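Residue-level structure breakdown
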Amino acid sequence: MNRTLYTLILHLALPIIFLRLLWRAWRAPAYGRRIGERFAVGLPAFRQGGIWIHAVSLGESIAAAPLIRELLERHPELPITVTCMTPTGSERIQALFGARIQHCYLPYDLPWACARFLDRLQPKLAVIMETELWPNHIHACHRRGIPVALANARLSERSARGYARFAKLTAPMLGELDLIAAQTEVEAERFRQLGARQTCVEVTGSIKFDLSIDAELPQRAAELRAAWDAQERPVWIAASTHAGEDEVMLAVHRQLLAERPDALLILVPRHPERFTQVFELCRREGFACVRRSTGETVDEAVQVLVGDTLGELLFLYALADLALVGGSLVANGGHNLLEPAALGKPLLAGPHLFNFLEIAAQLREAGDLLEVVDAGQLHAALSLLFADPAEARRRAEAGLGVLRANQGALARLLAGLQELLKRA
């Protein structure tokens, strides 16, 4: 498949794309807002000539935050525009940066939408986070002489096989990228084999290690736990859970309560459309539960706190003693392990971590990450760590050590972007 055929198929699929968008809006009303932006209609009045960063969804938005902060600091003269594709990503971006950045949804990868978007924005540099590759957007930038960087680039073996099946589309697209800042040498080599120019591929590491935690965050969390009179309660968090995981967490929590009646679970679904569903599940299962969004006090009778707010995950991690990162007990690939690690939380996860293989391997080998395959193993791990605070502290320190040993990727990425800006 070449780019012409890809574009034809995309146009033919427009009715399906629109219907799917309406279906998602029915399930999560936020998808029904600002639909025009997805077709390059009703775009904001942008300041032109700056840096455009695309972070497709919530995970990429979180990863991009340190980069955006540095670019704002280093280039106050340039407008920074951040695009995404999901409401959760949009809300996180706006919560983090507000009026300091320009923001909209990225239009779909249709040549006419790409052209209208770039006509309006006219950036000096485009930065795509991780592996969100859109052939027409990249080609439109290339034709206009706008350098395009793929930042924090990752490419699993499975994804590489998928791209290889469409070599006539993939190779020219990768050949038009001006910088691929790969997380590992293995991933860099995959990009080269798929058609990226040798001189444009660099191994910079993962900027996810360059986390900076606000010093006030743990302090605010400690104050809230004190207000709840929960300093001595065993508190664990199951964060970014997907369908099929919540039932496991609640079953394990029931076992834990039999041993530690004062235990508290903070249960945080990954997607906002599941907030109410998960809260109702907790109630049906007979747990005394409250929703974080109500601001209710978590007194000694509360057994489960449902984290149904946006932009608060770091704070919820800070409230807990132990952290399980979801999307890993089901075959979803896992989510960011480094946020709870940076907060000094011993880590637990399921076996499905293919989105974070390198990071998971380092955390596992260092002695922080405990991987569990089912409810029985999760219960055993929680019981062990709650019963042995010294072991929990040792694991938490091991995780912090992994972060410290890998920092510096952001500086290497910024150096590469600076070179592209000089050429722009």
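Residues numbered from 1 in each chain as written. Predicted model: local features only at pLDDT ≥ 70, side-chain atom pairs only at ≥ 80, totals over all residues. Heavy atoms only, no water.

1. A word on the pattern of salt bridges
As a reminder of what qualifies: By convention in these notes, a salt bridge is any Lys or Arg side-chain nitrogen within 4 Å of a carboxyl oxygen on Asp or Glu. Note on conventions: DSSP H or I runs of at least 4 residues are helices, E runs of at least 2 residues are strands, and numbering of each starts at the N terminus. Only protein chains enter the accessibility calculation, which uses a 1.4 Å probe. A residue is then buried if its area is under 20% of the maximum for its type, exposed if over 50%, and partly exposed in between.
Evaluated as defined, the whole model comprises 21 salt bridges. Arg161 is the salt-bridge partner of Glu157, the closest N and O atoms lying 3.5 Å from each other. Here Glu157 and its partner Arg161 are both found in helix H7 (residues 157-164), 4 residues apart, which amounts to about one turn of the helix. Exposure remark for Arg161: the relative accessible area of 46% places this residue in the partly exposed category. A salt bridge links Glu280 to Arg283; its shortest N-O distance comes to 3.8 Å. Here Glu280 and its partner Arg283 are both found in helix H12 (residues 275-284), 3 residues apart, which amounts to about one turn of the helix.

2. Focus: H12
The criterion, for reference: Each C-beta atom gives one direction from the helix axis, and the arc is the one those directions make.
When H12 is considered as a whole, its buried residues turn out to be Phe275, Val278, Phe279, Leu281 and Cys282. Along H12, the residues classed as buried sweep out an arc of 155° about the axis, all on the same side. Gly286, located one to two residues past H12, shows a positive phi value of around 90°.

3. A short note on the packing of helix H11 (residues 246-259) against H12
Rules: Under this scheme, a helix contributes an axis fitted over its contacting stretch, all axes are lines through C-alpha atoms, and angles between N-to-C directions fall in the 0 to 180 degree range. Crossing handedness follows the turn of the near helix against the far one: under a right angle anticlockwise gives a left-handed crossing, and clockwise gives a right-handed one. Contacts are residue-level and defined by heavy atoms, with any inter-residue pair within 4.5 Å sufficient. Charged means Asp, Glu, Lys or Arg here, nonpolar means Ala, Val, Leu, Ile, Met, Phe, Trp, Tyr, Cys or Pro, and polar covers whatever is left, Gly included.
One way to put it is that H11 packs onto H12 with a least axis distance of 11 Å and a crossing angle of 35°. Seen along the crossing, H11 lies across H12 with a hand that is right-handed. In contact with Asp246, Glu247 and Leu250 of H11, H12 contributes Val278, Leu281 and Cys282. Taken together, the residues that form the contact of H11 with H12 break down as 4 nonpolar, no polar and 2 charged.

4. Looking at the UniProt feature "active site" (unreviewed entry) in the chain
Inclusion rule: UniProt positions are given in the numbering used here, feature names are shortened, and annotations may be inferred rather than shown by experiment.
Within this structure's numbering, the places UniProt gives as "active site" (unreviewed entry) are Glu60. Looking at the element boundaries, Glu60 is found in helix H3 (residues 58-74). According to the relative accessible area criterion, Glu60 is buried, its value standing at 12%. In this structure Glu60 touches Ala55, Met129, Glu130 and Arg154, once residues within four positions along its chain are discounted.

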